[in-house]
Amino acid sequence: MKRRSLLKRLLARPAGRYAQVPVLIGAAFALRLALTPWLGTRGGLILCYPAVLAAAWIGGVGPGVFAVGTSLLGFVLLLRPRGPFTVNSPEEWFGVGLYTITAIAIAVAGGAGRRARNAISQEMERTRDILDQMSVGFVVVDRDYRFVFLNAAALAQTGKRYEDVIGRDARLMFGEAREAMAAIGGVLDRGEAREYELHYAPTGRWSLQRAFPVREGAAVFVMDITDRKRADAEVRQSRAQLTRTLEAGRMGHWSWNVETGDVAWSENLEAIHGVPSGAFGGTFDSFLALVHPDDRAGIQERIAVALREGSHYEIEYRVQRPDGRIEWVAGRGEVELRDGKPVRMSGLASNVTDLKRSEGERRLLAAIVSSSEDAIVSKALDGTITSWNRAAERMFGYTADEAVGQSIRLIMPPEKQDDFLGILEQIRRGERVEHYETLRRTRDGRIIEVALTVSPVHDETGRIVGASKIARDITASKAEERERQRTRDMYLGILGHDLRNPLNTIVASLYTLEKQVPEEARKVLPRMARSTQRMSRMIEQLLDFTRARLGDGITLNPSPGDLRDISHAVVEEIEAQHPQRIRFQADSVPGRFDSDRLAQAVANLVGNALQHGSPASSVDVRVTSRNGSGRLEVSNRGTPIPESVRATIFEPFRRAEGRRDSGGLGLGLYIANEIVRAHGGTIRLESADDLTTFAIELPTAGVPSPAQK
Amino acid sequence: MSWLLGENDRDRDTVESSSLNRTRAQETEGCVMIVEDEADARDAMVELIAGEGFSAVGAVHGQEALDMLKSGTRPALILLDLKMPVMDGWGFCEALAADERLASIPVAILTASAIYDSLPHRRNGAGLFTKPVDFQRLLALVRRFCG
């Protein structure tokens, strides 16, 4: 903007102001000489008037007077002696004198004019400088929208150079600043001042502008608010971010002006309290009204304490939702003090219902664990105890404090110190150990019998990190079981030995008697003998039943034998009592059997067939061998076994309807079945018309494992 | 009822005669030795076998039977109960097997217990009888060894 020509700069200096004078005067003389043909030889100084005026106008009074002197000297010393101008007559000298006076007057006047002009121009310069210093842009346009003036700040706003802008039509240059053009238009057309914000896209800057009328046209103040706008945006953005963060954390922000009682809530706080958006009353009382009545006093007390001590505030309270649900809210905040007085409390609140609920569930589980009759203990994979419930304290005598952190060896009996290693190995494989009966040692050294169930404990990622163990003290129940076992053994002993011995004596005595009693009394004896035999059979069956049911099952004593020989012996023995009723047909079936037991089973089947079969028909006993197994069939003809009875025919104490005098306890088939099963075989009832067949299938390879069921 | 009483009276008599029998048996060569701790059972058996015309001798337990055998009694058959005081049937069988002179005597086991898996190892086993014994079978056995 401050662009001056070289000439102007030269003329601004004193020497420059004087140096112009000879040039001007020289030029005036040269022109006068050139005009001689038309102006004649008189008035040679005539053109020096304007030269003096110009010198004074440009350089001031001094150069003006210097120009007068220069012109006089030049005229008298240079031009007069050489012609064409002559100064001879007194009137002519008078003319020179008049010129001198007039030219000095002109020089003085011109100098004054120059001073006046310089003063105005300096004033303008100063104003311009001041405007340039302003951070606010200032623009003046004329009525044709042409730029008349722009200060430095305004130029910076346009991003252009002064020369490129000044005198140009603003509409053509800054058409994109539509608001500005519209406002200038308003000022020019209607004289209205306007204030507006403008975002100028090409520079990306924001400005606050005010357009108002001035004499030339319109002036515009331009204030750059780009930074403020940017800061505003940042504030807005960080506020939005905060809101999002709070929402993500399902938290709300609150602020309570202690002095006015106003409470400001972030929007999600209303949701947290179950209040429709915008419905919160905005006061402390309206907040309190949302709180469950039972929790209000607590809140007020905490707040009072926080305000009094200026301390941190933290509370959990219940909120009764409009739908009746109770939700838990946790709030925390800080007190803001001014001059030691609380002025504001603010903080966060969040819905912790789920947390509370899971905490409740956790407490419930903890209560269950704690109140369990069984000891519940957890341990890490290295056997370190990690939890220890009350039952464990009672059972083992160590308190939780003493046990947790110790090795589980603490409760291992000396001879079973490494018992748990095997269990932990199983746990590591993810297996469960169920009802493992073992021994443990209590604090006072007692050895107790426990039944353990141990399960793996997984962490969130599913990794096995430990084991939970439930231990039941079975010392007492074990003792009870042993007592039961003893009673059972005693019972078996009575059945097996003590009852049979006297019976044996009776039978032996009967035989002796037979030879000695008179003839007429002798028929009594076979009756007694038969009854004794029956009694003996019943004892036999009861014994077998008791062993099968209550004991360890029927015990086998297998040895090599042949099913044919075993059944043949049975048939022979029975046939002696039932002549002509049994037909026997057998293949050899060698194998490993308990001959006595198997004979008992066969005898039961044959006896059964004889008893229930039609007396007119015979009983068929057939032994056949098939690859790897033997089959023994006992069949009879007669009334078929009713359908309803078949399913339960091998169960104990089943007797054919109305046949109570059958002489047994209804255990024959049951025992036969048990014996066959102990041999690893099966027994089946096959019924067709009037033919009833019991078929035994026996593996010949041997009994599955000796002395087992 | 009176018959039953009579039986009881006879029973008492047998107890007395049994001790007489035993004293006699120590001198004579008994055909059947009955080892049984229960007096009634022992006497009933002795009488039964005697009633069939064979000589019989009773022993209260294994040790007494062994003592009698060592002092010269040579039965053709021993009927052995298993559960007895002092020396039971198992012990007696072992002692018998250990003595070369006695090991050859056949032994029939009479047991009230049906637990077969614990039977003694029988040398010259003459059979197994479960009480109450099938006396026809038993007498057949006696006849076989003594007849």
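Position labels on residues start from 1 in each chain and follow its written sequence. Labels are handed out in written order, letters beginning with A for the chains and numbers beginning with 1 for the ligands. The model is predicted, so local features are restricted to residues of pLDDT at least 70 and side-chain atom pairs to those at 80 or more, both for listing and for counting; the totals for chains, interfaces and linings are taken over all residues. Computation of side-chain values covers all heavy atoms of the structure but excludes hydrogens and water.

**Regarding a nonpolar patch on the surface**
Residues and elements named next belong to chain A.
So, step 1. A surface patch of nonpolar side chains, about 370 Å² in accessible area, is lined by Trp 38, Leu 39 and Ile 46.
So, step 2. Note on conventions: DSSP H or I runs of at least 4 residues are helices, E runs of at least 2 residues are strands, and numbering of each starts at the N terminus. Along the chain, Ile 46 turns up in the loop between α3 (36–39) and α4 (48–59).
So, step 3. The exposure class assigned to Ile 46 is partly exposed, which follows from its relative accessible area of 45%. Any residue with relative accessible area above 30% and no salt bridge may belong to a patch, with like charges joined within 9 Å and the nonpolar Val, Leu, Ile, Met, Phe, Trp and Tyr side chains within 5 Å. Note on areas: Shrake-Rupley with a 1.4 Å probe; residue coverage comes only from the protein chains shown. Salt-bridge detection follows one rule: a side-chain nitrogen of Lys or Arg within 4 Å of a carboxyl oxygen of Asp or Glu. Relative accessibility thresholds used throughout: buried, under 20% of the residue-type maximum; exposed, over 50%; partly exposed, between the two (1.4 Å probe, protein chains only).

**Let's talk about helix α5 (residues 135–146) of chain B**
Residue and element names in this part refer to chain B.
So, step 1. Every helix has an expected span of 1.5 Å times one less than the residues it contains. Its 12 residues place the ends of α5 16 Å apart at the C-alpha level, agreeing with the 16 Å of an ideal helix rising 1.5 Å per residue.
So, step 2. Residues of α5 that are buried: Phe 135, Leu 138, Leu 139, Leu 141, Val 142 and Cys 146. One side of α5 holds all its buried residues, which, seen down the axis, span an arc of 155 degrees. Away from the buried face of α5 by more than 90 degrees, exposed residues Gln 136 and Arg 144 are located.
So, step 3. Pairs of N or O atoms are called polar contacts if they sit within 3.5 Å, as long as, within protein, a hydrogen donor faces a hydrogen acceptor (for residues adjacent in sequence, only side-chain-to-side-chain pairs). Near the N-terminus of α5, the side chain that reaches the backbone nitrogen of Gln 136, with its oxygen 3.2 Å away, is that of Asp 134. An arc is given here, and it is the one of the directions from the helix axis to the C-beta atoms.

**A short note on the pattern of salt bridges**
Residue and element names in this part refer to chain A.
So, step 1. By the definition in use, this model includes 40 salt bridges over all chains.
So, step 2. Salt-bridge contacts for Glu 195 lead to Arg 210; the nearest nitrogen and oxygen are separated by 3.9 Å. Of this pair, Glu 195 sits in strand β3 (residues 194–200) while Arg 210 sits in strand β4 (residues 205–213); the two residues are 15 residues apart in sequence, bridging distant segments of the chain.
So, step 3. Each of Arg 622, Arg 626, Arg 631, Glu 633, Arg 684, Glu 686 and Glu 697 takes part in salt bridges that share partners, so that together they form one network.

**What about the packing of aromatic side chains?**
Residue and element names in this part refer to chain A.
So, step 1. Side-chain rings of Phe, Tyr and Trp, where Trp is taken by its six-membered ring, are said to pair if the distance between their centres is within 6.5 Å; with planes under 30 degrees apart they count as stacked, over 60 as edge-to-face, and otherwise as tilted. As enumerated under the stated definition, the model contains 16 aromatic pairs over all chains in all.
So, step 2. With a centroid separation of 4.8 Å and an interplanar angle of 25 degrees, the aromatic rings of Trp 256 and Phe 284 are classed as stacked. Within this pair, whereas Trp 256 is found in strand β6 (residues 251–257), its partner Phe 284 is found in helix α13 (residues 284–290), the two being separated by 28 residues in sequence. Residue Trp 256 shares its accessibility class with Phe 284, and that shared class is buried.
So, step 3. Each ring, one from Trp 265 and one from Phe 280, has its centre 3.6 Å from the other, and the planes form 5 degrees; the classification is stacked. One end of the pair, Trp 265, is in strand β7 (residues 263–265); the other, Phe 280, is in the loop between α12 (267–272) and α13, and 15 residues separate them in sequence.
So, step 4. With a relative accessible area of 17%, Trp 265 lands in the buried category.
So, step 5. Of the residues examined, Phe 280 reaches a relative accessible area of 11% and is grouped as buried.
So, step 6. Members of the aromatic cluster, connected to one another through ring pairs, are Trp 256, Trp 265, Phe 280, Phe 284, Phe 287 and Tyr 317.

**Concerning the sheet that holds strand β22 (residues 691–699) of chain A**
Within a sheet, adjacent strands bond to each other through the backbone by hydrogen bonds, running parallel or antiparallel.
Residue and element names in this part refer to chain A.
So, step 1. Within the open sheet, the 5 strands sit side by side as β17-β19-β20-β22-β21. Their pairing is mixed. Of all the strands in the sheet, the pair left with one neighbour each is β17 (582–586) and β21 (682–688). Each strand of the sheet is rotated relative to its neighbour by a mean of 15 degrees, with strand direction disregarded.
So, step 2. Strand pairing is assigned whenever DSSP detects at least two bridges linking the two strands. Judged from the 7 bridges that link them, β21 and β22 form a sheet pairing that is antiparallel. Within the sheet, the bridge partner assigned to Arg 684 lies in β22 and is Ala 695.
So, step 3. Contact definition: two residues touch when any of their heavy atoms are within 4.5 Å. Between N-to-C directions, angles cover 0 to 180 degrees, with each direction set by a line fitted to C-alpha atoms, over the stretch in contact for helices. Packed onto the sheet, helix α23 (residues 595–612) meets β17, β19 (619–626), β20 (629–637), β21 and β22 and runs at close to 20 degrees relative to β20.

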